[in-house]
Amino acid sequence: MLPVFRNINVFPLKHTNRPVNPFDLCHLIRIRLCSSKASAVKEFEDPEISHAEGSAVTISNQFELLSDVMTPLWKMPYDEQLRAKHNWSQSVVRMINERVNANRKEKRRLNVTPKIYHVKSSPVIMEYRNKDEFSIRNGADGHPKTVGFFIGSTASDNAVCVPGTHVITMREKHKKIAQNFEQYIRTSELPVCTDFRPGGGNWRRLIVRSNEEGNTLAVAVCHPQLLSQERLIEEQQRLKEYFTSGPGKDDCPQSLYFQACPHARCTNEQAPFVLLHGKPFLEEHMWGKTFRISPDSFFQINTQAAEVLYETILKQANLTPRSTLLDVCCGVGPISILAADRVRGCVGIESVRDAVLDAKFNAKINNATNVDFFYGLAERLTERIIEELNLATDIVAVLNPGRAGLDPRVLRLLYKCPQISTVIYVSCKADMPSTLKNFVQLLTEGNFKLNSVTPVDLFPHTWHTELILKFIR
């Protein structure tokens, strides 16, 4: 068995004999570990996380409690984590069976019996997160400008913000940038944002991303409230000086952005990302390909495990030179670009404008000349794109939506298209009711068969598991 903490130096937390219940712990995870593409969830409406065993968060126990919330399996050896995730994958298939047969008029039961593969493990299980989103609020010591992650509920005003100092899935560079940002905002006159209404404060959160080479990109997010443009520019300049020539210069990110966002979430179109220092993009490399990533673009949270994920998707898609790949929710285009050499052509759909710009750029620099990407909602674009693919003889659809799944109209268009005989559905939250509803729709209305389920562990030490579901007809 592979010990969780082999050859690493972590904070010596007190071990407990508390039993681990996977289905209870699933609901404890409030932090967006899946980095959903559909980021319309409002920060102040997130569901509550109970303090572990009802314990109050204190200076002495805060780090262990945060580890239990963010990495609930951190005390479990990795091979046991994989077995537990395999069992969870089986439970998802049972849920699908229950829902498929719940409203069937026929007396004969429809048995959904896919081949369930063993969980594909992550090549790296420590410090694998390439993106972290830090909140700002009262810490365990009562300081109102503590940068970290919530334990408790902001809606009921009992949230405590705990630094991610000892979270084993986070990269050290992310932690250092967050620590420096905390020191900076404690010198700033601007208060923390606790309410979107006027007078509710300014500092919102810090987003830190990095690539496998160790380059970092940070975005400081601030609610503008009634601040003048001159005051915002002044704060931007102070932040830049802090990181480029001040106390934070040793941990200065390669790219430093500032965003004045008046809502729970803002795209670059709604509130532009202002580049204060460095390069405008991160670059990541996979399979000899280069991918540009903008601050607003989605990219899988675990790069090395994403390579395993994409390799598995392309293998299961059974692509041929006659195939056309329809890549729904394509992000910056990795699946299409990696598949380009194997197929007749690829068409990607993505709802984030900057991600589409990245995808087009990525196709160009990787000489993927048979790939194109379109900006817009899948429910608005899919029909037109399928019509334009009327001469294609074999279309393979790869669906990679956020946690909420896809609009039923998209699935209806897919199963009405006679050229589509294979649908690869990639889900980071396969047990959500809306996602299960997608699966049932493909099986019942679409008359697809669930051929196989392959779990891929993109999130070691958590209950999150990426599932690849292959539907055929």
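You'll find the protein chain entered in an unreviewed UniProt entry as tRNA (uracil(54)-C(5))-methyltransferase, with Gryllus longicercus given as the organism. According to the UniProt record, the Catalytic activity (unreviewed entry) comment for the protein chain reads "uridine(54) in tRNA + S-adenosyl-L-methionine = 5-methyluridine(54) in tRNA + S-adenosyl-L-homocysteine + H(+)".

Participant: Mind laying out the sheet that holds strand S1 (residues 115-116), listing which residues take part and the relevant values?
Facilitator: Within the open sheet, the 8 strands sit side by side as S1-S16-S17-S15-S14-S11-S12-S13. Their pairing is mixed. Two strands in the sheet have a free side with no partner beyond their single neighbour: S1 and strand S13 (371-375). Where strand S15 (residues 420-427) and strand S17 (residues 466-472) come together, 6 bridges link them in antiparallel fashion. Its bridge partner being in S17, Ser427 is matched across the sheet by Leu467.

Participant: Can you tell me about the nonpolar core, naming the residues and giving the values?
Facilitator: Membership of the largest hydrophobic core comes to 51 residues, with the highest contact counts inside it found for Leu309, Tyr310, Ile313 and Phe373. For this core, the element with the highest residue contribution is helix H6 (residues 303-317), accounting for 8 residues. Dropping the residues within four chain positions of it, Tyr310 is found in contact with Met286, Trp287, Gln300, Pro334, Ile335 and Leu338. Counting 41 residues, the second largest nonpolar core, distinct from the first, contains Ile395, Leu414, Val423 and Phe439.

Participant: I'd like a description of the confidence of the model for the protein chain, backed by residues and values.
Facilitator: In this model, the protein chain carries a mean pLDDT of 89, and residues with pLDDT of at least 70 account for 89%. Of the regions scoring below 50 in pLDDT, residues 1-53 engages in 124 contacts with residues more than four places distant in sequence or in other chains.

Participant: Give me the lowdown on the state of the cysteines, citing residues and values where you can.
Facilitator: The full count for this structure, using the stated rule, is 1 disulfide. Through a disulfide, Cys261 is tied to Cys266; the S-S separation comes to 2.1 Å. In this structure, the disulfide formed by Cys261 and Cys266 twists by about 80° around the S-S bond and is classed as right-handed. Cys261 gets classed as buried once you look at its relative accessible area, which sits at 0%.

Here is what the cut-offs are and how they apply
- Residues numbered from 1 in each chain as written.
- Predicted model: local features only at pLDDT ≥ 70, side-chain atom pairs only at ≥ 80, totals over all residues.
- Heavy atoms only, no water.
- UniProt positions renumbered as here; feature names shortened; annotations may be inferred.
- Pairing = 2+ DSSP bridges.
- Helix = DSSP H or I, 4+ residues; strand = E, 2+ residues; numbered from the N terminus.
- Core = buried A, V, L, I, M, F, W, Y, C linked by side-chain atoms within 4.5 Å.
- Buried < 20%, exposed > 50% of the residue type's maximum accessible area, 1.4 Å probe, protein only.
- Contact = heavy atoms within 4.5 Å.
- pLDDT = per-residue confidence, 0-100.
- Disulfide = S-S within 2.5 Å.

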